[in-house]
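Reading the structure
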Amino acid sequence: MAGPAKPGTSRPLSPHLQVWRWHPTMASSIFHRATGVGLYLTALCLAIWLVALAMGPEAYGLVMSLLNTWPGLIVVYLASVGISYHLANGIRHMVWDIGHGFSPKVADGSAMAVILFALIAPIGVWGLSMFGGQG
Amino acid sequence: MSGPNSNGTLRTPLGRVRGHGAAHAGTHHFMAQRASAVALAVLAPWFVISAALFLGRGYDSDIGWIANPLNAIGLILLILAAFYHMRLGLQVVIEDYISVPLTKTLLLLGNTFVAFGAAVAAIFAILRISFGS
């Protein structure tokens, strides 16, 4: 098995991002992995929030005061974008697993639809939290 | 018996029947990733909408929401599916980008420990809130 390339050996390189024209299916694949890693961190934050809640009002207050800063709110917003994207694109993957949606036209269209959904859905969720809840 | 099989390959009939391939694990990882994804496609929207409607509204209010048995059960299911799914997902990311054997092994081990540790912590917290401290 070939190990990592030694410096100085000339081997063909895989196409680098800098010289690769971005297209919807490529972007949607990269975003799926990026949001997946982001949601890993989000899930750890959820665990921290739950443990703080179980520890009592003091720990809960500390975590909530961190969440209610601008950086905290940006993290929450990015998490909602990440969940929306990973969910919608995950369902797109399930459609592929069934065997549909592989033609370039449909795959490009569904990629754009998923990206659009990820931008719009968080606005709906934030609307719910602002106007839909019980005080 | 030695050498190529009658079908001209080095794969044994037993190996072909087992269908485990070069990684010796067959389709297990792939199927587990999909099964947990199906669960999360239901649980994640439920939690996001519930969180938007009911959570982050003060200590007593949040405790009360989680103490509801239906919410606690849903939350534990979410934690189990999510932490299993993300352990599988990050495993693929590590395998893709890290080729140094020791580093890769340590990261894979760390991935498993972090996922299990956080899942146990979260579930314990939910149970403690549910049953009262």
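Here the structure is a predicted model, which means the values were calculated and not measured.

**Some points on the overall build of chain A**
- Within chain A, the regular secondary structure consists of 4 helices and 0 strands.
- Shown N-terminal to C-terminal, the secondary structure of chain A runs as helices and strands in the order α-α-α-α.
- At 20 Å, chain A has a C-alpha radius of gyration far larger than the 14 Å of a compact globule built from 135 residues.
- When each of the 135 residues of chain A is scored for burial, the buried share is 29%.
- Across chain A, contacts joining residues at least 24 apart in sequence account for 65% of those joining residues at least 6 apart.

**Points about the layout of surface pockets**
Residue and element names in this part refer to chain A.
- Put simply, the second largest pocket is a space of about 340 Å³.
- Thr35, Leu78, Ala79, Val81 and Gly82 are the residues nearest the centre of the second largest pocket, which is lined by 15 residues in total.
- Secondary-structure elements contributing two or more residues to the lining of the second largest pocket are helix H1 (24-55), helix H3 (70-98) and helix H4 (104-132).
- Of all the elements, H1 adds the most residues to the lining of the second largest pocket, at 7 residues.
- Along the lines of polarity and charge, the residues of the lining of the second largest pocket split into 11 nonpolar, 4 polar and no charged.

**Thoughts on the side chain of A:Ser80**
- Considering the arrangement of structural elements, one finds A:Ser80 in helix H3.
- Filtering out sequence-adjacent residues up to four positions away, A:Ser80 remains in contact with A:Pro122 and A:Trp126.

**Here's the deal with the interface of chain B and chain A**
- With 43 residues of chain B at the contact, the number on the chain A side is 29 residues.
- Counting the surface lost from both chain B and chain A, the interface buries some 2,900 Å², and carbon and sulfur atoms represent 75% of this.
- In terms of surface lost to chain A, no three residues of chain B exceed B:Arg57, B:Tyr59 and B:Met86, which account for 19% of the buried area on that side.
- A salt bridge links A:Asp97 to B:Arg34; its shortest N-O distance comes to 3.0 Å.
- Seen at the junction of chain B and chain A, the total is 7 residue pairs in polar contact (both at pLDDT 80 or more).
- Of all elements in the fold, only helix H2 (28-54), helix H3 (59-67), helix H4 (69-97) and helix H5 (101-131) of chain B reach the threshold of two or more residues within the side of chain B that touches chain A.

**Digging into H3(A)**
- A rise of 1.5 Å per residue sets the reference length of H3(A), with its 29 residues, at 42 Å; its end C-alpha atoms lie 42 Å apart and thus fit the reference within 8%.
- Downstream of H3(A) by a residue or two, A:Gly99 has a phi angle that is positive, lying close to 110°.

**Section: the nonpolar core**
- If you look at the biggest cluster of nonpolar residues, it comprises 39 residues, and the most contacted ones within it are A:Trp49, A:Leu50, B:Ile66, B:Leu75, B:Ile79, B:Phe83 and B:Ile126.
- Residue assignment for this core shows that the elements contributing at least two residues are H1 and helix H2 (57-67) of chain A together with H2, H3, H4 and H5 of chain B.
- Counting residues per element, this core draws most heavily on H4(B), at 12 residues.
- Setting aside residues up to four positions removed in sequence, B:Ile126 forms contacts with A:Leu50, B:Ile66, B:Ala72, B:Leu75, B:Ile76 and B:Ile79.

**A short note on the pattern of salt bridges**
- Across all of its chains, the model carries 2 salt bridges over all chains by this definition.
- Linking A:Arg33 and B:Asp96 is a salt bridge whose minimum nitrogen-to-oxygen distance equals 2.8 Å. Taken together, the positions of A:Arg33 in helix H1 and B:Asp96 in helix H4 put the pair across two chains.
- A:Arg33 gets classed as partly exposed once you look at its relative accessible area, which sits at 27%.
- Look at B:Asp96 and you get partly exposed, because its relative accessible area is 46%.

**So, the side chain of A:Ser84**
Residues and elements named next belong to chain A.
- Looking at the secondary structure, you find Ser84 in helix H3.
- Classification of Ser84 by relative accessible area gives buried; the value is 7%.
- A polar contact of 2.7 Å, which involves the side chain of Ser84, links it to the backbone oxygen of Ser80.
- Ignoring anything within four residues of it in the chain, the contact list for Ser84 reads Phe117, Ala118, Ala121 and Pro122.

Parameters and conventions
- Residues numbered from 1 in each chain as written.
- Chains lettered and ligands numbered in written order.
- Predicted model: local features only at pLDDT ≥ 70, side-chain atom pairs only at ≥ 80, totals over all residues.
- Heavy atoms only, no water.
- Helix = DSSP H or I, 4+ residues; strand = E, 2+ residues; numbered from the N terminus.
- Rg over C-alpha atoms; globule rule 2.2 N^0.38 Å.
- Buried < 20%, exposed > 50% of the residue type's maximum accessible area, 1.4 Å probe, protein only.
- Contact = heavy atoms within 4.5 Å.
- 1 Å grid on protein atoms, 1.4 Å probe; cavity = no way out; pocket = protein on both sides within 12 Å on 5 of 7 lines; lining within 4 Å.
- Points joined across faces, edges and corners; volume = space filled by probe spheres on them.
- Nonpolar A, V, L, I, M, F, W, Y, C, P; charged D, E, K, R; others polar.
- Buried area = accessible area lost by both parts, 1.4 Å probe.
- Salt bridge = Lys/Arg side-chain N within 4 Å of Asp/Glu carboxyl O.
- Polar contact = N/O pair within 3.5 Å; in protein donor to acceptor, adjacent residues only side chain to side chain.
- Expected span 1.5 Å × (residues − 1).
- Core = buried A, V, L, I, M, F, W, Y, C linked by side-chain atoms within 4.5 Å.

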